[in-house]
Amino acid sequence: MKVTVAAAAVAALASGVTAGSIHHRHAHAHDSFRALEKKGSENDTCGCTTIYSTYYGEATLSFPPVPTTTSTPAPVTTPLVVPTPVPQTCSTTGVYTFPATTVTLTESTTVCVPSTTSVPVGTHTLGGVTTIVSTATTVTCPYATVSTTGGITTSVIETTTYVCPSAGTYTIAPHTVTASVPTTVTVPAVTSYTPGTYTQPAVVTTVTETSTVVYCPFDIPTPSASTTPVAVPTVPTTAPAVSVSVPVSAPAVSVPAVSVPAISVPIPATSVVPSAPAVSSSYSPPKPSGTLGGPAGKPWGISYTPYETSEQGGCKSQSEVEKDIASIAAAGINTVRVYSTDCDTLVNVGGACKKHGVKMILGIFIDSPGCDASNPSVTEQISAIKSWAQWDLVDLISVGNEAVFHGYCQPSELSSLITKCKGEFSGYTGKYTTAETVNIWQQSDFASAICGVVDVAGANAHAFFNTETDASQAGQFVKGQLDIMDKICQGVDGIILETGWPSSGVAMGLAVPGVSQQAQAIKSIVEECGDKAVLFSLTSDQWKDGTTSCQCEQHFGCASVLNISL
């Protein structure tokens, strides 16, 4: 079944001289490795609230052109209790209309929301709650799981008590899944919503494949006139310091879409569900200092993911990561870009970068509708970065990687999230950006929303996906994209956060993949704008999708071209 987001249809229609309009993306492969490190909350006891069920009806379907004698069937309306992104299944092709929906919450609400994640072949541990304790203690916290009663499987929130025998980091109630083939599993996750009015705008989209699921996300809520404060229990002064956070994704099992009866979970008198603190409207971040880039004619940075390169995937060990970073540094490359915090990225990659004098571009990865700090995945990444806080290693933070291109964020939502991160990372004085294709940056609504909150304009620009560019012209193409980015936001320089060329695959017009072509393309990119570009990527990865039209996603590793010994 194909899964899409309605807003992505708009991005896909963007035109211009950029590669974005035919841009086959690599970043979705990170969805396979969402075992984010949990950090965060100051409460050692977390509670739960009532779990509500949401029933979704069929969309209104019509086929163009619509005969005047044919009436459009009325959509089946169903009440929405919480503003979760609404999945609509389109069983056939045609033009679908999804009416606008408004949900008003008068009090903070916590629910168990199913989410999907892709996993490669192998055994994977997903979810759980990670807590950091400074001494032996007992913690009580909520976690997402599934319950089957009478043949009906539901996503529920339960609480558990866990004894931490000594100081350290503990993962509570994780789940394991074994996949014999690459697959997508649906898992429940704990999601909290603050009081306010949430609006899902009306959406009209054309579906070209059968059995397509369209997600209709809600816009940023407006403050509710009636706000119920959340009481925070007083922690005894003798209690040890405990940090508990909500998991990104929970059990590694597939949860079928079913109609679910409401489930109530008792709320302990002294328990609360932690929520991210609001950013003060008077907050004024310090002016970023320093410059980005490297010496002219030399490669400045390279993208890095701490994953095994085999078809089975999995996380690299600390020693393997350290060896990779040492090789990057030895080749004269002084910056690595990471996309998320999973696979112990901050500890392992950060530790190796500190040892070998390499700077980092951190990333907050958005891989599903829900472009704000209430998205569990986003919350976990923000919490992990705050706890790590090795700011001397960080030159740039990218909030999102093509999140608008994929329809996960509206520009205004992404702008608010970047501002939110600035408030959360109070010790960081460096630069912020987001990574999108150039054609997205050229859209007026995007530029007007984002230019005011970023310090550099970050673009992913792959010459290979422009069918009129051959390998020898790759550098000219990427430099042209950089020149465009330099002019989009007044007083804000552009930067290329991802660019490369595959060593194998299927030709896309004049763009021909191959070992010699990759060497020629990378050389030209480095000569033209290597001092302002992050090359994609260190390794070729077999766990990525090899069935795209270019059949090239598994072949972007360019270590050998850059004389990086792995």
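What counts and how
Residue numbers restart at each chain and count upward from 1, following the sequence in its written direction. Selection of residues for local features in this predicted model requires a pLDDT of at least 70, selection of side-chain atom pairs for listing and counting requires 80 or more, and totals for whole chains, interfaces and linings are taken over all residues. Side-chain measures here rest on the full set of heavy atoms in the structure, leaving out hydrogens and waters. Note: two strands are recorded as paired if DSSP finds a minimum of 2 bridges between them. Here a helix means four or more residues in a row that DSSP labels H or I, a strand means two or more in a row labelled E, and each is numbered from the N terminus. Angles here are taken between N-to-C directions and fall from 0 to 180 degrees, while the axes themselves are lines fitted to C-alpha atoms, restricted in helices to the stretch in contact. Residue contacts are defined here by distance: any two heavy atoms, one from each residue, within 4.5 Å place the two residues in contact. Scored between 0 and 100, pLDDT is the confidence that the predictor attaches to each residue. The buried label applies to any residue whose accessible area, calculated with a 1.4 Å probe on protein chains only, is under 20% of its type's maximum; exposed applies above 50%, and partly exposed to all values in between. Between 30 and 60 degrees the pair is tilted, below 30 it is stacked and above 60 it is edge-to-face, where a pair is any two Phe, Tyr or Trp rings, Trp via its six-membered ring, whose centres lie within 6.5 Å. By salt bridge we mean one thing: a side-chain nitrogen of Lys or Arg within 4 Å of a carboxyl oxygen of Asp or Glu. When the sulfur atoms of two cysteines come within 2.5 Å, that pair is taken as a disulfide.

### What about the sheet that holds strand S18 (residues 301-303)?
Step number 1: Reading around the barrel, the eight strands line up as S18-S19-S20-S21-S22-S23-S24-S25 and close back on themselves, with parallel pairing between neighbours. Each strand of the sheet is rotated relative to its neighbour by a mean of 25 degrees, with strand direction disregarded.
Step number 2: Examined bridge by bridge, strand S22 (residues 431-437) and strand S23 (residues 457-460) share three bridges and lie parallel to one another. Among the inter-strand pairings, Ala435 is bridged to a residue of S23, identified as Gly458.
Step number 3: On top of the sheet, helix H5 (residues 411-424) reaches strand S20 (359-364), strand S21 (394-401) and S22; it is set at about 155 degrees to S22, its chief contact.

### A closer look at the confidence of the model for the chain
Detailed reading of predicted coordinates is not advised where the pLDDT is low.
Step number 1: Across the chain, the average pLDDT comes to 74, with 62% of residues at 70 or higher.
Step number 2: Below pLDDT 50 for its whole length, residues 222-285 participates in 154 contacts with residues either more than four positions away or in separate chains.

### A word on the environment of Val139
Step number 1: Within the element layout of this structure, Val139 appears in strand S9 (residues 137-149).
Step number 2: On the basis of relative accessible area, Val139 is assigned to the buried category, the value being 0%.
Step number 3: Measuring from C-alpha to C-alpha, the distance between Val139 and Tyr162 comes to 5.4 Å, with 23 residues separating the pair along the chain.

### Some words on the packing of aromatic side chains
Think of a pair of aromatic rings as described by two things: how far the centres are apart, and how the planes are tilted against each other in angle.
Step number 1: Tallying each qualifying case throughout the model produces nine aromatic pairs.
Step number 2: With centroids separated by 5.4 Å and ring planes inclined at 45 degrees, the aromatic side chains of Trp391 and Tyr428 adopt a geometry described as tilted. On the criterion of sequence distance, the pair formed by Trp391 in the loop between helix H4 (376-388) and S21 and Tyr428 in the loop between H5 and S22 is long-range, its members being 37 residues apart. The pair formed by Trp391 and Tyr428 is uniform in burial state, with each residue classed as buried.
Step number 3: The interplanar angle of 65 degrees and the centroid separation of 5.6 Å between the aromatic rings of Phe536 and Phe556 together place this pair among those described as edge-to-face. Here Phe556 lies in the segment after strand S25 (533-535) and Phe536 lies in the segment after S25, a separation of 20 residues in the sequence. By the burial criterion, Phe536 is buried, and Phe556 matches it.
Step number 4: A connected cluster of aromatic rings, assembled from ring pairs, spans Phe464, Phe465, Trp501, Phe536 and Phe556.

### Topic: unusual backbone geometry
Step number 1: Cis geometry is adopted by the peptide bond preceding Ser537, which originates at Phe536 and carries an omega value of -5 degrees.
Step number 2: Relative to the elements of secondary structure, Ser537 occurs in the segment after S25.
Step number 3: A positive phi angle, near 55 degrees, is found at Ala389, a position not held by glycine.
Step number 4: One can find Ala389 in the loop between H4 and S21.

### What to know about the pattern of salt bridges
Step number 1: Here the structure, examined in full by the defined rule, presents seven salt bridges.
Step number 2: One salt bridge connects Lys355 with Glu322, and the closest N-O pair in it is separated by 3.4 Å. Separated by 33 residues along the polypeptide, Lys355 in helix H3 (residues 345-356) and Glu322 in helix H2 (residues 318-330) bring together distant segments of the chain.
Step number 3: When its relative accessible area of 60% is taken as the criterion, Lys355 is described as exposed.
Step number 4: Here Lys479 ties to Asp483 by a salt bridge, and the two come within 2.8 Å at their closest N and O atoms. Residue Lys479 and its partner Asp483 are located together in helix H8 (residues 474-488), separated by four residues, close to a single helical turn.
Step number 5: We classify Lys479 as partly exposed; its relative accessible area is 27%.
Step number 6: In the salt-bridge network here, residues are joined through shared partners; they are Lys386, Lys420 and Glu424.

### A look at the state of the cysteines
Step number 1: For the structure on display, the rule yields four disulfides.
Step number 2: Disulfide pairing places Cys315 opposite Cys343 at an S-S distance of 1.9 Å. The S-S bond linking Cys315 to Cys343 shows a torsion near -70 degrees; that makes this disulfide left-handed. You can see Cys315 sitting in the loop between S18 and H2 and its partner Cys343 sitting in the loop between strand S19 (335-337) and H3, a full 28 residues away along the chain.
Step number 3: With a relative accessible area of 42%, Cys315 lands in the partly exposed category.
Step number 4: Look at Cys343 and you get buried, because its relative accessible area is 6%.
Step number 5: Here Cys371 connects covalently by a disulfide to Cys409, the sulfurs 2.0 Å from one another. With the S-S bond torsion at 90 degrees, the cross-link from Cys371 to Cys409 turns out right-handed. Pair noted here: Cys371 is in the loop between S20 and H4 and Cys409 is in the loop between S21 and H5, with a separation of 38 residues, a long-range link. Comparing Cys371 with Cys409, the two get one shared label, buried.

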